[in-house]
Amino acid sequence: MSSSPTSGSAVAEVTMPQMGVSVAEGTVVEWKKRVGDWVEADEIVVEISTDKVETEVPSPASGRLAEIVVEVGTTVDVGTVLARIDTTAIPGEPHADEHASPADTGNGHAPPISPVVRRIAEQHGIDLTQVPGTGRRGRVTKKDVMAFVEHQPAEAPLHIESPYREEGPDAAPAGEPLSIMRRQIGEHMVRSLQTAAHCTTVVEADMSRIEEARGRLSYLPFVARAAIAALREFPSLNATLEDDRLTVHDAVHLGIAVSLGEDGLIVPVVRNAHELSHEGLAARIADLAERARARRLSPDEVGGGTFTITNPGRYGALLATPIINQPQVAILDLEAVVRRPVVVGGDSIAIRPMTYLCMSWDHRVLDGALAAQFLSSVRRHLEEWNG
Amino acid sequence: MPELTYLQAISDALREEMRADERVFCLGEDIGRFGGAFKVTDGFIEEFGPDRVWDTPLAESAIVGTAVGAAVEGLRPVCEMQFADFISCGFDQLVNVAAKMHYRQGLAVPITVRLPSGGGFSGGPFHSQNPEAWMLQAPGLKVVAPSTPRDAKGLLAAAIQDPNPVVYLEHKHLYRRTKGEVPEGRYELPLGEARIAREGTDLSVIAYGAMVGVALEATEDLDGASVEVLDLRSLVPLDTDAILGSVRKTSKVVILHEATRSCGVGAEVAALIAENAFEDLDGPIVRVTAPDVPIPFSPPLERAVLPQVDNVKEACRELLAY
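A few points on the structure. Here the structure is a predicted model, which means the values were calculated and not measured. Residues take numbers from 1 onward in each chain, read along the sequence in its written order. Chains and ligands are labelled by the order in which they are written, letters from A for the one and numbers from 1 for the other. Restriction of local features to residues with pLDDT of at least 70 applies here, the model being predicted, together with a cutoff of 80 or more for giving and counting side-chain atom pairs; totals for whole chains, interfaces and linings are based on all residues. Excluding hydrogens and water, the side-chain values take into account all heavy atoms of the structure.

Here we come to the overall build of chain B. Counting from the N terminus, the helices are DSSP H or I runs at least four residues long and the strands are E runs at least two residues long. A count of helices and strands for chain B gives 11 helices and 14 strands. Only heavy atoms matter for contacts: two residues are in contact if any of them lie within 4.5 Å across the pair. Long-range pairs, those at least 24 residues apart, make up 81% of the contacts in chain B between residues at least 6 apart in sequence. Note on areas: Shrake-Rupley, 1.4 Å probe, and residue coverage restricted to the protein chains presented here. Approximately 12,800 Å² of chain B is accessible, and the part contributed by carbon and sulfur atoms is 52%.

Right, dumping it as structure tokens:
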């Protein structure tokens, strides 16, 4: 973790941690401590949300939280100082502000939401965390929420003199703000489309061998294993491009897209995937997916990927053009495996479990021939699978 | 419009009802020759004679009981308790006989029982009480508690003409201190209607009797806050529409009364609000009342027990800042 004590000083800084090569910034979600609180080393001081992951940042040192620099909801670059901890403080001393405001009990509970405020907020679809509170301990009062309602732009009034309208559709519903995760996925995807020269190449693979070999495993670890083998043959796809700097990686850190249902999508990374067999990959993928759905991934587990596989095929789709997971240069898409009549052995027709391997790649880094060669290699490893 | 004291307004109402309606008569301790402990009936015996202005023995049960019998026979008696505190001696006749007569026998009991109530003059525990909550627990009684001379006259006239037994709380502290314009001639104000003493938007103070004036003074200039003061005037029937209307407007409520706290009018009003206007509240319902103790003789102790302007200011400030 990149929160580190500043040597030779009485102050330790809590900073926005670096979480893998692609994470540039993070958002403060919740402060677990308030200014004046005593904090033990490694105790959680703040919850942050980075690209797709929510995580907790521990204190780099024991001391008293002297200053909160970044408020909740603010997004800052990696390395930005979030808070400062006075390491010369002594535990047990009263807070500096404890006598300042007798109303502020500081018991850590959020101020209450009164019934009328809750009702008004519900009627107007207001997120109360967005309303500045002027009541005791920052409680949102009825006046606060009413002022907020009055200053909301484009809020359709409940009643106008006449309900008659010349033309036009009904007033659009006010909608709800996107979750932090959805916003970040959206920003990431749009940035990727604006950055990379996306092309998608498709090959068809016969999965008969895999079908025989896989037992109770899914196709995914086999395709991952085949892709890793192909990446060893064509290492220029196991790369990251940041600005004009291309880095071809020795190790394969394989990102696996995991759906979190309606909440979004997350891409945990199997580190050093090239060292793993398909069984090892299966176990690692299962573990990461389970922890991703339980929201228990650490930031390091979702960053630093060098190549990504996405696997929505179990929902029956045949083809897709995935968006590259920046700053990687290619993403492989495994779609449904479907039994189809195919020509085999030159002039016979057989029924085989077939799939399309779709790969989006960055035309800035490679060309179509290499993409096709790579995909053909993946296909070969799948069709000639021998465990 | 002439300006009268609260006491003169009560006296006027009584006199005018007696002049206009010969069924009306008064009975009580020392109300005849002496003109009453507070001189409400001063000159009455001279004008109406001893047949309509009775000096009774010191026996409240007899006063109320006699009045009940007279009322059933078609008269409209007005009983004076010398002090509200003494109603306890006439309690059985009031809450069991008068209050339930219509339910049991279908007979109207149009009596009025005047209760000079309240403290603030070192009267001590037997001469300073506000016993209205007792009456609220006796279905069949109406209970009024005016705060102004105008209301005092109109509500007493209405109480005398009402077919039900009505308990009329007249606050002694207001008798000669409170003056106001009072319409000449007979008029009635409906029982069961509260009055907005001052309009406001930020907080409601709900009070009655002497505390209405305290509420108005305390919130006259409260850091620029717009404070509504609702004068209940009638405790039974309670004007629930006016109470809930005020709460829906301001969302913050202080209930103020001089009577003791537990199971008082404030508790009833608070429960009414919590049941019917919960979703309109923007803060806790706050009561400012006397604590559950007897009223002391000692002036500084009595001041500490009875709600003062500063207590109300503090409670309002606290709730406004919530």
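Right, let's talk about the overall build of chain A for a bit. A tally of regular secondary structure across chain A gives 7 helices and 20 strands. Counting over 387 residues, chain A shows a buried share of 42%. Taking the intrachain contacts of chain A between residues at least 6 apart in sequence as the baseline, contacts between residues at least 24 apart amount to 62%. As displayed, chain A offers around 20,400 Å² of accessible surface, 52% of which is attributable to carbon and sulfur atoms. Accessibility here uses a 1.4 Å probe with only protein chains present; expressed as a share of the type maximum, an area under 20% marks a residue as buried, one over 50% as exposed, and anything in between as partly exposed.

Residue and element names in this part refer to chain B. Taken across its 10 residues, helix α7 (residues 210-219) has 7 buried, putting it largely inside the fold. Among the residues making up α7, those that are buried are A210, M211, V212, V214, A215, A218 and T219. Close packing links the buried residues of α7 with β7 (166-171), β9 (195-198), β10 (203-207), β11 (227-231), β13 (253-260) and α11 (309-321).

Bringing the sheet that holds β13(B) into the picture now. Residues and elements named next belong to chain B. Here the rule is simple: two strands pair whenever DSSP picks up at least two bridges between them. Pairing is mixed across the open sheet formed by 5 strands, whose spatial order is β9-β11-β10-β13-β14. At either end of the open sheet lies a strand with only one pairing partner, and these are β9 and β14 (286-290). Recorded for the sheet is a direction-independent mean angle of 25° between the axes of neighbouring strands. Where β10 meets β11, 5 bridges bridge the pair, whose relative direction is parallel. Across the sheet, residue L203 finds its bridge partner in β11, namely V227. A fitted line through C-alpha atoms serves as each axis, taken over the contacting stretch for helices, and the angle formed by two N-to-C directions is quoted from 0 to 180°.

Along any regular strand, the residues point their side chains to alternate faces of the sheet. All names here are of chain A. Bridge analysis of strand β10 (residues 198-206) against strand β20 (residues 348-362) gives 9 bridges, and the strand direction is antiparallel. From the neighbouring strand, E204 faces β20, where its bridge partner is Y356. Judged from the 7 bridges that link them, strand β19 (residues 338-344) and β20 form a sheet pairing that is antiparallel. In the strand pairing of β20, V338 is matched with M354.

Right, let's talk about the side chain of T56(B) for a bit. For T56(B), the position within the fold is in the loop between β3 (53-55) and α3 (60-72). In this structure, T56(B) is in contact with L27(B), G28(B), E29(B) and I63(B), ignoring residues within four places of it in sequence.

Time to look at the interface of chain B and chain A. Facing the 15 residues of chain B at the interface are 13 residues of chain A. Take the accessible area each of two parts loses on contact, using a 1.4 Å probe, and add the two losses: that sum is the buried area. Both faces considered, chain B and chain A share a buried interface measuring about 1,000 Å² in area, 41% of it formed by carbon and sulfur atoms. Per-residue buried area on chain B facing chain A is highest for E279(B), D282(B) and Y322(B); these three make up 53% of the total on that side. A pairing counts as a salt bridge when a side-chain nitrogen of Lys or Arg comes within 4 Å of a carboxyl oxygen of Asp or Glu. Joining chain B to chain A, the criterion identifies 4 salt bridges. Close ionic contact of D282(B) with R139(A) constitutes a salt bridge, the shortest N to O distance being 2.9 Å.

Residue and element names in this part refer to chain B. With mixed pairing, the 7 strands of this open sheet are ordered in space as β3-β2-β4-β5-β7-β6-β12. Taken across any chain shown, the strands that pair with only one partner, and hence form the sheet edges, are β3 and β12 (234-236). On average, adjacent strands in this sheet sit at an angle of 20° to one another, irrespective of strand direction. As judged from the 2 bridges shared by strand β6 (residues 142-144) and β12, these two strands associate in the antiparallel manner. Residue V143 lies in a different strand from β12, and its bridge partner there is V236. Along the sheet, α3 contacts β2 (24-28), β3 and β4 (76-80); its crossing angle with β4, the most-contacted strand, is approximately 170°.

Before going further, it helps to examine the pattern of salt bridges. Close approach of charged atoms allows side chains of opposite charge to pair. Here the structure, examined in full by the defined rule, presents 32 salt bridges over all chains. E67(A) is the salt-bridge partner of R84(A), the closest N and O atoms lying 3.0 Å from each other. In this pair, R84(A) sits in strand β9 (residues 81-86) while E67(A) sits in strand β7 (residues 63-68), placing the two residues 17 residues apart along the sequence. Between D287(A) and R291(A) there is a salt bridge; the shortest N-O distance is 3.2 Å. Taken as a pair, D287(A) and R291(A) lie in helix α6 (residues 278-293) at a separation of 4 residues, close to a single helical turn. Here D287(A) falls in the partly exposed class, since its relative accessible area comes to 30%. Look at R291(A) and you get partly exposed, because its relative accessible area is 22%. Among the ionic contacts, a cluster of salt bridges with common partners joins R150(B), D151(B), R195(B), D231(B) and R233(B).

What follows concerns the side chain of E80(B). All names here are of chain B. As for its position among the elements, E80 is in strand β4. By the criterion applied in these results, polar contacts are pairs of N or O atoms within 3.5 Å in which, for protein atoms, one can donate a hydrogen and the other can accept it, and in which residues neighboring in sequence qualify only through two side-chain atoms. Within the local environment of E80, its side chain forms a polar contact with the side chain of R114, the two groups lying 2.9 Å apart. Not counting residues up to four positions away in its chain, the partners in contact with E80 are L27, G28, E29, I31, G36, A37, V40 and R114.

Leaving glycine out, the prevailing phi sign among residues is negative, and the prevailing peptide bond configuration is trans. Across the junction of Q326(A) and P327(A), the peptide omega takes the value 0°, indicating a cis bond. Take P327(A): it is sitting in the loop between β17 (307-310) and β18 (330-334). With omega at -5°, the peptide bond leading from V236(B) into P237(B) counts as cis. For P237(B), the position within the fold is in the loop between β12 and α8 (240-250). At K39(B), a position not held by glycine, the phi torsion is positive, near 70°. With respect to the helices and strands, K39(B) occurs in the loop between β2 and α2 (44-48).

Moving on to a nonpolar patch on the surface. Note that patches include only residues with greater than 30% relative accessible area and no salt bridge, and the join distances are 9 Å for like charges and 5 Å for nonpolar side chains (Val, Leu, Ile, Met, Phe, Trp, Tyr). Together, V202(A), L318(A) and L319(A) make up an exposed nonpolar region whose accessible area comes to about 250 Å². Tracing the backbone shows L318(A) in the loop between β17 and β18.

Residue and element names in this part refer to chain B. Between α8 and helix α9 (residues 265-276), the shortest axis-to-axis distance is 10 Å and the interhelical angle comes to 65°. The two elements α8 and α9 meet at a crossing, and its hand is right-handed. In contact with T240, I243, L244, V247 and R248 of α8, α9 contributes V269, L272, I273 and N276. Just so you know the grouping, Ala, Val, Leu, Ile, Met, Phe, Trp, Tyr, Cys and Pro go in nonpolar, Asp, Glu, Lys and Arg go in charged, and all remaining residues, Gly too, go in polar. Counted by class, the contact of α8 with α9 contains 6 nonpolar, 2 polar and 1 charged residues. Crossings are sorted by hand: turned counterclockwise from the far helix by less than a right angle, the near helix makes the crossing left-handed, and turned clockwise it makes it right-handed.

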